[in-house]
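# Coordinate inspection notes
Residues per chain are reported as follows:
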Amino acid sequence: MTFPLYDNGLLSGLFLGVLFGYALEAAGFGSARRLTGQFLLTDWSVFKVMFTAVVVAAFGLWLFQMIGWMRPGSYYVPTLLLYGTFLGGALIGIGFMLGGYCPGTSAVGLASGRIDALVYMVGMVAGSAVYAMVFDWIRPLALATAGPQGWTLPQLFGVSDIVVIAALAVIAFIGWKLGTAVERRFGGPYTAEKVLAEMDGLEAPEGRDFGRVQPAE
Amino acid sequence: MNAQPRPFWHPLAAGTLLGVALLLTFAITGHGLGASGFFARTAAWLANAIAPEWTASNSYFGPFVRSGNPLASWISWEIVGVLIGGFLGATAAGRFRLGIERGPSISAGTRLLSALVGGVLVGFGARLAQGCTSGVGLSGAGSLAVAGFVFLAGFFAAGFATAYFTRRLWQ
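Residues numbered from 1 in each chain as written. Chains lettered and ligands numbered in written order. Predicted model: local features only at pLDDT ≥ 70, side-chain atom pairs only at ≥ 80, totals over all residues. Heavy atoms only, no water.

Moving on: the overall build of chain B. Check the secondary structure of chain B and you find eight helices and zero strands. Reading the helices (α) and strands (β) of chain B from amino to carboxyl end gives α-α-α-α-α-α-α-α. Each principal axis of the C-alpha distribution contributes one length, and for chain B these read about 50 × 40 × 35 Å. Taken over 171 residues, chain B has a buried fraction of 60%. Looking at chain B alone, contacts between residues at least 24 apart form 56% of all its contacts between residues at least 6 apart. Here chain B has roughly 6500 Å² of accessible surface; of this, 70% comes from carbon and sulfur atoms. (Helix = DSSP H or I, 4+ residues; strand = E, 2+ residues; numbered from the N terminus. Buried < 20%, exposed > 50% of the residue type's maximum accessible area, 1.4 Å probe, protein only. Contact = heavy atoms within 4.5 Å. Areas by Shrake-Rupley, 256 points an atom, 1.4 Å probe, with all protein chains shown as cover.)

So this is what it looks like as structure tokens:
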């Protein structure tokens, strides 16, 4: 078998999008409070889920190349633009703490009924337009200090892929244990029940019987 | 009243499913998952509808509209899929809730304003980084790209640095 199939059609997009959206929702990433809990130290799910996914995907790509299903260099690897990549990542970090989502999770937030996610999306469209307006001024900074095309950590450190993947698995494990200890100290992580009960509590008028709404843990 | 929601998945289970989805995406399409590209394309599409001449001559949006409808792209279908997958998961588990999610100490108006401002920063930042947490962070790190880890370093550093000043929005 030979991968990638390079199928970028409608069904490919829909199918992979459904998997992506389902996984993010199952992780609880349709909830802005659970997501932002990462940086408030109350919920380390963003770190845990993301690092697990990175290790699983990286190991799978390595395995596919080992058994000859995929050739090295046959799939897209983003190129580093030191300032652009780092500053862009930082702006997204700030915007995430203000807005509650990143772009992908905002789609899951909307799919989970969150109106704030829809407003956030309007903001993203506006922010993209602002970038286009100032692109000529910002281009020298954005495209400066481009690293080698498709530069990877194994190339940077001069080790094989599986060494980097093993190191990432160790970092993920240590971060996981640390995160679990910290989030418990801060009363987390958020449960689906708590997030939704507190939403219901906010929406309901004063003095009404809250029925099944549970007190905060 | 709403039925009791089912718990979120254990992070190991959700992360594994997400990793498999990402691996399948590489195997089927030759690239990773993304999200912000759709919103940039939506912006180019809207700009083209409002001011076609400006859009065509703009150095960033121009290339998007030159080859036809900027929304006619794999990533648009992927985002439609994300909406469907998220909706199916949320409704099946009793986690769909129409409303504004916010901390108990701010008003709905403050929450929507912060969502809008946050969205603008993220929309801009994602263009600067040529992708977002999905496209550069998750997919980049999954392909072991240096760019993916530099992105995540910026994202996590800024997130922790901003947390103290934004905590009232959420707690």
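Turning next to the overall build of chain A. Looking only at helices and strands, chain A features nine helices and zero strands. Overall, chain A shows an N-to-C arrangement of helices and strands of α-α-α-α-α-α-α-α-α. Dimensions of chain A, computed from C-alpha atoms along their principal axes, come out at roughly 65 × 45 × 35 Å. Among the 217 residues that make up chain A, the fraction classed as buried is 54%. The contacts in chain A between residues at least 6 apart in sequence include a share of 66% that link residues at least 24 apart. Approximately 9500 Å² of chain A is accessible, and the part contributed by carbon and sulfur atoms is 69%. Across chain A, the mean location of the 12 positive side-chain charges is 7 Å away from that of the 14 negative side-chain charges. (Lys, Arg positive; Asp, Glu negative; His and termini not counted. Charge placed at Lys NZ, Arg CZ, Asp CG, Glu CD.)

A separate point is the pattern of salt bridges. Oppositely charged side chains may form a pair once their charged atoms are brought near each other. Residues and elements named next belong to chain A. By the definition in use, this model includes nine salt bridges over all chains. E198 is the partner of K194 in a salt bridge, and the nearest nitrogen-oxygen pair spans 3.0 Å. Here E198 and K194 lie together in helix α9 (residues 192–203), a separation of four residues that amounts to about one turn. Of the two residues examined, K194 and E198, each falls in the buried class. Residues joined in a network through salt bridges with shared partners are R33, K194 and E198. (Salt bridge = Lys/Arg side-chain N within 4 Å of Asp/Glu carboxyl O.)

Here we take up helix α4 (residues 82–99) of chain A. Here α4(A) spans 25 Å end to end across 18 residues, near enough to the 26 Å set by a 1.5 Å rise per residue. The complete set of buried residues in α4(A) reads A:G84, A:T85, A:G88, A:G89, A:A90, A:I92, A:G93, A:G95, A:F96, A:M97 and A:G99. Looking at the packing, one finds that the buried side of α4(A) touches α2 (32–36) and α6 (115–142) of chain A together with α6 (108–128), α7 (133–142) and α8 (146–166) of chain B. (Expected span 1.5 Å × (residues − 1).)

Bringing the environment of A:W62 into the picture now. Within the secondary structure, A:W62 is located in helix α3 (residues 45–66). Filtering out sequence-adjacent residues up to four positions away, A:W62 remains in contact with A:D161, A:I162 and A:I165.

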